[in-house]
Amino acid sequence: PRLKKFANHAIRRSADLIERLSGRRIINIGSHKQGAGGILSNFTRAPFILDGVRWESFEGFWQAIKFPEGHEKRKKAETLFGVKAKRISSGVTTNVMYYGGREIKFGSRELYELAKRAERARFEQNPEQLELLISTGKAKFLHIVGLSDSKSLPRKIFCRILIELREEFKNNRN
C-alpha cells in the first residue's frame with residue numbers, strides 16, 4: 001500500500017513536470033489538480049440531466065451504470081460526486097455497463113458514444129465548465145492520476161472525448 005501510494009504520487013508529479021516543461025499547453029485533468037485540470041475532472045460536482053435522470057457528476061453517472069438498473073447502489077450513485085462516487089463501485093468486477101435496458105461492453109463504440117453524450121450534457125448544463133473547457137484553446141489533455149488505467153473509460157478515450165467536445169462547442173459558436 002505505501003509503495004503504491006508513493007508510485008501514484010510520483011506519476012502525478014511526473015505529469016506536472018511534463019505540463020511545465022513541454023513548451024506546449026498540456027493540462028493534466030484530475031481531482032488533485034488546481035485550476036482547469038481539477039475543475040474539468042469527472043469528480044467535480046456538475047449536476048446534469050440525461051434521459052430524465054439527474055446526476056450530481058459524471059463520475060456518479062459512470063460508476064452507477066456499472067450496476068444493473070434498479071440496483072440500490074445505482075440509485076445512490078446518482079447523488080454522488082468526488083471520491084464517494086468513485087468508491088461506490090469498489091470491488092465491482094464487470095466488463096459491461098448497464099444503460100437503457102441494455103448491457104454495453106467495455107471498449108465498444110456504443111459505450112464511447114454514451115460517455116460522450118453524458119459529458120456533452122454535463123457541459124451544456126454547466127455553463128461555467130463549458131466556458132472553461134472552451135478556454136483551454138488547443139491545449140492537449142492528459143489524465144495521469146495513478147498507475148492503473150480505467151478499463152471502462154481509459155484515459156486516452158476520456159481525453160479524446162473532451163477534446164472532441166471542446167472542438168464541437170467552439171465550432172457551434174462560430
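Before reading on, note that the structure itself is shown above.
Conventions adopted
- Residues numbered from 1 in each chain as written.
- Predicted model: local features only at pLDDT ≥ 70, side-chain atom pairs only at ≥ 80, totals over all residues.
- Heavy atoms only, no water.
- Phe/Tyr/Trp six-rings, centres within 6.5 Å; stacked < 30°, edge-to-face > 60°.
- Helix = DSSP H or I, 4+ residues; strand = E, 2+ residues; numbered from the N terminus.
- Buried < 20%, exposed > 50% of the residue type's maximum accessible area, 1.4 Å probe, protein only.
- Salt bridge = Lys/Arg side-chain N within 4 Å of Asp/Glu carboxyl O.

### Considering the packing of aromatic side chains
At step 1: Applying the stated criterion to the full structure yields 6 aromatic pairs.
At step 2: Taking the centre distance of 6.2 Å and the plane angle of 65° together, the rings of F48 and F61 count as edge-to-face. You can see F48 sitting in strand β2 (residues 48-50) and its partner F61 sitting in helix α3 (residues 58-64), a full 13 residues away along the chain. F61 shares its class with F48; the two are buried.
At step 3: Between F61 and Y99 the ring centres are 5.8 Å apart and the planes differ by 75°, which places this aromatic pair in the edge-to-face class. On the criterion of sequence distance, the pair formed by F61 in helix α3 and Y99 in strand β4 (residues 96-99) is long-range, its members being 38 residues apart. Each member of the pair, F61 together with Y99, is buried.
At step 4: What links up through ring pairs into an aromatic cluster is the set F48, W55, F58, F61, W62 and Y99.

### Observations regarding the pattern of salt bridges
Pairs may arise between side chains of opposite charge once their charged atoms sit close together.
At step 1: By the definition in use, this model includes 12 salt bridges.
At step 2: Among the ionic pairs, R117 bridges to D51, the shortest N-O distance being 2.8 Å. A residue pair is termed long-range when its members are at least 10 positions apart, and R117 in helix α6 (residues 109-124) and D51 in the loop between β2 and β3 (53-55) qualify at 66 residues.
At step 3: The partner of E168 in a salt bridge is R120, with the nearest N and O atoms 2.7 Å apart. One end of the pair, E168, is in helix α8 (residues 155-173); the other, R120, is in helix α6, with 48 residues separating them in the sequence.
At step 4: Residues joined by salt bridges that share partners form a network here, namely R45, R54 and E56.

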